[in-house]
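The residues making up each chain are set out below.
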Amino acid sequence: MADSNSLRNQISTLRQSFFDEGMLDKHFVQLEELEEENPHFAEEVMTMFFRDSTKLIATVEHALQTPPYDLPQIDQYLHQLKGSSSSVGAAKVWSEINKLRALLKDGEMERFWTQFFQLKNEHDKLKENLGPYFQMLRQLDP
């Protein structure tokens, strides 16, 4: 029981850090609230998000390999990524996408690349942090 309480405290602290650092927002809380009917729902949704968003980020990177760039198409990919990031509560990823879209609109391609790497970094950081969180939650399963 003491181990279970210790694990619950670790999970709680880790979860709160996601919000304190601005990585996640209220939309993630809403996903978790749906777990009453479907255990591990948030983990399943985030797994799908990371699968799809990783592909979209790679698609954007590929579209930027050789000029001339199809800016409307790139913006469409970013818009799709923005929507999925918002729906799962990936707040920092969502914020980086907004910055990217503004730079794209202004034709600031050099700054776009720097910001694009920041997006990839925030995406990877979120994925790396949520993995251990979900593993810890699974340890509480009966």
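Summarised in this report is the structure supplied together with it.

Conventions used here
- Residues numbered from 1 in each chain as written.
- Predicted model: local features only at pLDDT ≥ 70, side-chain atom pairs only at ≥ 80, totals over all residues.
- Heavy atoms only, no water.
- Helix = DSSP H or I, 4+ residues; strand = E, 2+ residues; numbered from the N terminus.
- Buried < 20%, exposed > 50% of the residue type's maximum accessible area, 1.4 Å probe, protein only.
- Contact = heavy atoms within 4.5 Å.
- Areas by Shrake-Rupley, 256 points an atom, 1.4 Å probe, with all protein chains shown as cover.
- Lys, Arg positive; Asp, Glu negative; His and termini not counted.
- Charge placed at Lys NZ, Arg CZ, Asp CG, Glu CD.
- Salt bridge = Lys/Arg side-chain N within 4 Å of Asp/Glu carboxyl O.
- Phe/Tyr/Trp six-rings, centres within 6.5 Å; stacked < 30°, edge-to-face > 60°.
- Axes fitted to C-alpha atoms, helices over the stretch in contact; angles between N-to-C directions.
- Parallel < 35°, antiparallel > 145°, perpendicular 65-115°, else oblique.
- Left-handed = near helix turned anticlockwise from the far one by under 90°.
- Nonpolar A, V, L, I, M, F, W, Y, C, P; charged D, E, K, R; others polar.

So, about the overall build of the protein. The helix and strand tally for the protein stands at six helices and zero strands. Across the protein, helices and strands are ordered from the amino to the carboxyl terminus as α-α-α-α-α-α. Going through the 142 residues of the protein one by one, you find that 33% of them count as buried. In the protein, 67% of the contacts between residues at least 6 apart in sequence involve partners at least 24 apart. A total of about 8,500 Å² of accessible surface is found on the protein, and carbon and sulfur atoms cover 51% of it. Each charge class in the protein can be summarised by its mean position, and for the 15 positive and 23 negative side chains these summaries are 3 Å apart.

The next thing to look at is the pattern of salt bridges. Applying the stated rule across the entire model yields seven salt bridges. With its nearest N and O atoms 3.9 Å apart, the salt bridge here joins Lys 125 to Glu 21. With Lys 125 in helix H6 (residues 109-139) and Glu 21 in the loop between helix H1 (2-20) and helix H2 (26-33), this residue pair connects regions lying 104 residues apart in the sequence. On the basis of relative accessible area, Lys 125 is assigned to the partly exposed category, the value being 29%. Between Glu 61 and Lys 120 there is a salt bridge, with its nearest N and O atoms 3.0 Å apart. On the criterion of sequence distance, the pair formed by Glu 61 in helix H3 (residues 41-63) and Lys 120 in helix H6 is long-range, its members being 59 residues apart. Owing to a relative accessible area of 22%, Glu 61 belongs among the partly exposed residues under this scheme. For Lys 120, a relative accessible area of 22% corresponds to the partly exposed category.

Here Pro 67 and Pro 68 are connected by a cis peptide whose omega angle stands at 0°. Inspection of the secondary structure puts Pro 68 in the loop between H3 and helix H4 (71-88). One non-glycine residue, His 40, lies in positive phi territory at about 70°. On the secondary structure map, His 40 appears in the loop between H2 and H3.

Now for the packing of aromatic side chains. Two aromatic rings are characterised by how far apart their centres lie and by the angle between their planes. Considering all chains together, one arrives at eight aromatic pairs under this definition. Taken together, a centroid distance of 6.1 Å and an interplanar angle of 70° make the contact between Phe 116 and Phe 117 edge-to-face. Every member of this aromatic cluster is reached through a ring pair, and the members are Phe 18, Phe 28, Tyr 133 and Phe 134.

Looking now at the packing of helix H5 (residues 91-105) against H6. Two elements in contact, H5 and H6, have axes whose closest approach is 9 Å; the angle formed by their N-to-C orientations is 170°. Between H5 and H6, the crossing angle belongs to the class labelled roughly antiparallel. Helix-helix and strand crossings are classified by hand; for H5 and H6 the assignment is left-handed. Counting all contacts with H5, which are made through Lys 92, Val 93, Glu 96, Ile 97, Lys 99, Leu 100, Leu 103 and Leu 104, the residues of H6 involved are Met 109, Arg 111, Phe 112, Gln 115, Phe 116, Gln 118, Leu 119, Glu 122, His 123, Lys 125 and Leu 126. Across the contact of H5 with H6, the residue classes break down as 10 nonpolar, three polar and six charged.

The next thing to look at is the environment of Val 45. By the element assignment, Val 45 lies in helix H3. Between the alpha carbons of Val 45 and Lys 26 there is a distance of 15 Å; along the sequence they are 19 residues apart. Setting aside residues up to four positions removed in sequence, Val 45 forms contacts with Leu 31 and Val 88.

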